[in-house]
Amino acid sequence: MGSIMDDYAAVADDVNSVKNDELRALFASTEPAALTGSPRFEYLLRRAVFVAPVYARPAPGGTAFRFRLVRKLFGGQYIPVFTDMERLNAWGGEPGRVAVKLSFDEISRLLRIPSVVGGVCVNPGCESALIPLNMIARVDGSLMPKSFRKDETVMLGEPKEYPNGIDDAMRRYLAARPEVSRAYFCLMIRGDFQSYLLVVDCDGDALPVFEGAADAAAEHLDPGGVIDFAVASSEFGKAVTRGRRPFYRKDSVGRFERFIGKRGSFTEKLRDEP
């Protein structure tokens, strides 16, 4: 077995240039438990580029990568990422393992693919910080209620049959959320990007509802699939739900009704309302 640096012989010079000095300084000055609610940490995290150890093998059309997962106390598996090569080398090397650069956006997209991974662990074995999926989603904005630009065109559609049973998964999840009174669910295209859209009418903070819905949808999404969220009381939510029948609604005893209306797709130009 060679040295640690031999194990990373395939690492390119640009990987060695990854530093994240401000993030490392924050780790050194802040207790790990205090990082979760730190605006400065989230700001640096959003702009960070990390080094991740992977196993690479030839695959049809290119190279396939497999991540070395780490387990943390109280369960869960996480992808280890490092602020720089110094921290990665301190963690140790393994034969056949190389390093790749991953931006925060790339990590976020990677973790949207259904898997058993619970998030990422930054600098395991050093000043470790655990970043779960819900925090990643909050930082990258994918769980935040959506807004829209004036005169933006959005394509909304309801297929005759949703793939992978995601619609039934959403109904089961919503039935367990007493704060949700109504919900709308459809496909949405904004520009060149397609996603599912769940709009909820609920009492209190909608973010915990969104977090649970993201978890419930994960195993039903195709690789790279995304679910977006909005609250019905927002201008965006009002524009989306105008003239539409709810996908889900609780009745007086907590059961739900399914409304089956005209299926198809339509285009609506959303405009700011006074």
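As a reminder, the structure under discussion sits directly above these lines.
Computed from a predicted structure; not experimentally measured.

Draft legend 1. Region of interest: the pattern of salt bridges. Scanning all chains against the criterion turns up 11 salt bridges. The salt bridge partner of glutamate 22 is arginine 40, with a shortest N-O separation of 2.3 Å. Note that glutamate 22 is positioned in helix α3 (residues 21–29) and arginine 40 in helix α5 (residues 39–47), a separation of 18 residues in sequence. Arginine 40 gets classed as partly exposed once you look at its relative accessible area, which sits at 39%. Across the salt bridge formed by arginine 87 and glutamate 86, the nearest N and O atoms sit 3.8 Å from each other. Judged by its relative accessible area of 15%, arginine 87 is buried. Within this structure, Arg24, Asp84, Glu86 and Arg87 form a network of salt bridges that share partners.

Draft legend 2. Seen up close, the nonpolar core. Residues Met170, Leu174, Phe185, Leu197, Leu198, Val200 and Ile227 are the most contacted members of the largest nonpolar core, which totals 34 residues. If you list the elements that add at least two residues to this core, you get β8 (153–158), α9 (166–175), β9 (180–190), β10 (193–202), α10 (207–218), β11 (227–231) and α11 (235–241). Apart from residues lying up to four places away in sequence, methionine 170 is in contact with Phe185, Leu198, Ala213, Ala216, Ala217, Ile227 and Phe247. Counting residues in hydrophobic clusters, the runner-up holds 28 residues, among them Leu23, Phe27, Val122 and Ala129.

Draft legend 3. Examining unusual backbone geometry more closely. Positive phi is not limited to glycine here, since asparagine 20 has a value of about 55°. Its place among the elements puts asparagine 20 in the loop between α2 (13–16) and α3. Positive phi is not limited to glycine here, since asparagine 164 has a value of about 65°. Residue position: asparagine 164 is located in the loop between β8 and α9.

Draft legend 4. Molecular detail of the pairing of strand β6 (residues 117–122). Along β6, 5 of the 6 residues are buried, which leaves the element largely enclosed by surrounding structure. With 4 bridges connecting them, strand β4 (residues 77–81) and β6 associate as parallel partners. Along β6, the bridge assignment pairs valine 81 with valine 122. With 4 bridges connecting them, β6 and strand β7 (residues 129–132) associate as antiparallel partners. Bridge pairing in β7 places cysteine 121 opposite leucine 130. Here β6 folds back onto β7 in antiparallel fashion, the turn holding 6 residues, of which asparagine 123 has a positive phi close to 55°.

Draft legend 5. View of the packing of α3 against α5. One way to put it is that α3 packs onto α5 with a least axis distance of 10 Å and a crossing angle of 150°. Looking at the two axes, α3 sits roughly antiparallel to α5. Our pair here, α3 against α5, has a crossing hand that is left-handed. Facing α3, whose interface residues are Glu22, Leu23, Leu26 and Phe27, α5 presents Arg40, Phe41 and Leu44. Counted by class, the contact of α3 with α5 contains 5 nonpolar, no polar and 2 charged residues.

Draft legend 6. Broad picture of the side chain of arginine 177. For arginine 177, the position within the fold is in the loop between α9 and β9. There is a polar contact of 3.2 Å between the side chain of arginine 177 and the side chain of tyrosine 173. Apart from the residues within four sequence positions on either side, arginine 177 is in contact with Pro208, Val209 and Lys250.

Draft legend 7. A look at the packing of aromatic side chains. Counted under the stated rule, the structure contains 7 aromatic pairs. Arranged with centres 4.9 Å apart and planes meeting at 25°, the rings of phenylalanine 210 and phenylalanine 229 form a pair that is stacked. A residue pair is termed long-range when its members are at least 10 positions apart, and phenylalanine 210 in helix α10 and phenylalanine 229 in strand β11 qualify at 19 residues. Taking the relative accessible area as the measure of exposure, phenylalanine 210 reaches 1% and is therefore buried. Ring-pair connections join several aromatic residues into one group, and the members of that group are Tyr162, Phe185, Tyr196 and Phe247.

Draft legend 8. Molecular detail of empty space enclosed by the protein. In total, this model carries 1 cavity of 30 Å³ or more according to the counting rule given. As a volume, the largest cavity reaches approximately 40 Å³. Lining the largest cavity are Leu45, Phe50, Val81, Phe104, Ile107, Val120, Val122, Ile131 and Ile136. Going through the elements one at a time, α7 (104–111) and β6 are the ones with two or more residues in the lining of the largest cavity. For the lining of the largest cavity, the residue count by class is 9 nonpolar, no polar and no charged.

Calculation notes
- Residues numbered from 1 in each chain as written.
- Predicted model: local features only at pLDDT ≥ 70, side-chain atom pairs only at ≥ 80, totals over all residues.
- Heavy atoms only, no water.
- Salt bridge = Lys/Arg side-chain N within 4 Å of Asp/Glu carboxyl O.
- Helix = DSSP H or I, 4+ residues; strand = E, 2+ residues; numbered from the N terminus.
- Buried < 20%, exposed > 50% of the residue type's maximum accessible area, 1.4 Å probe, protein only.
- Core = buried A, V, L, I, M, F, W, Y, C linked by side-chain atoms within 4.5 Å.
- Contact = heavy atoms within 4.5 Å.
- Pairing = 2+ DSSP bridges.
- Axes fitted to C-alpha atoms, helices over the stretch in contact; angles between N-to-C directions.
- Parallel < 35°, antiparallel > 145°, perpendicular 65-115°, else oblique.
- Left-handed = near helix turned anticlockwise from the far one by under 90°.
- Nonpolar A, V, L, I, M, F, W, Y, C, P; charged D, E, K, R; others polar.
- Polar contact = N/O pair within 3.5 Å; in protein donor to acceptor, adjacent residues only side chain to side chain.
- Phe/Tyr/Trp six-rings, centres within 6.5 Å; stacked < 30°, edge-to-face > 60°.
- 1 Å grid on protein atoms, 1.4 Å probe; cavity = no way out; pocket = protein on both sides within 12 Å on 5 of 7 lines; lining within 4 Å.
- Points joined across faces, edges and corners; volume = space filled by probe spheres on them.

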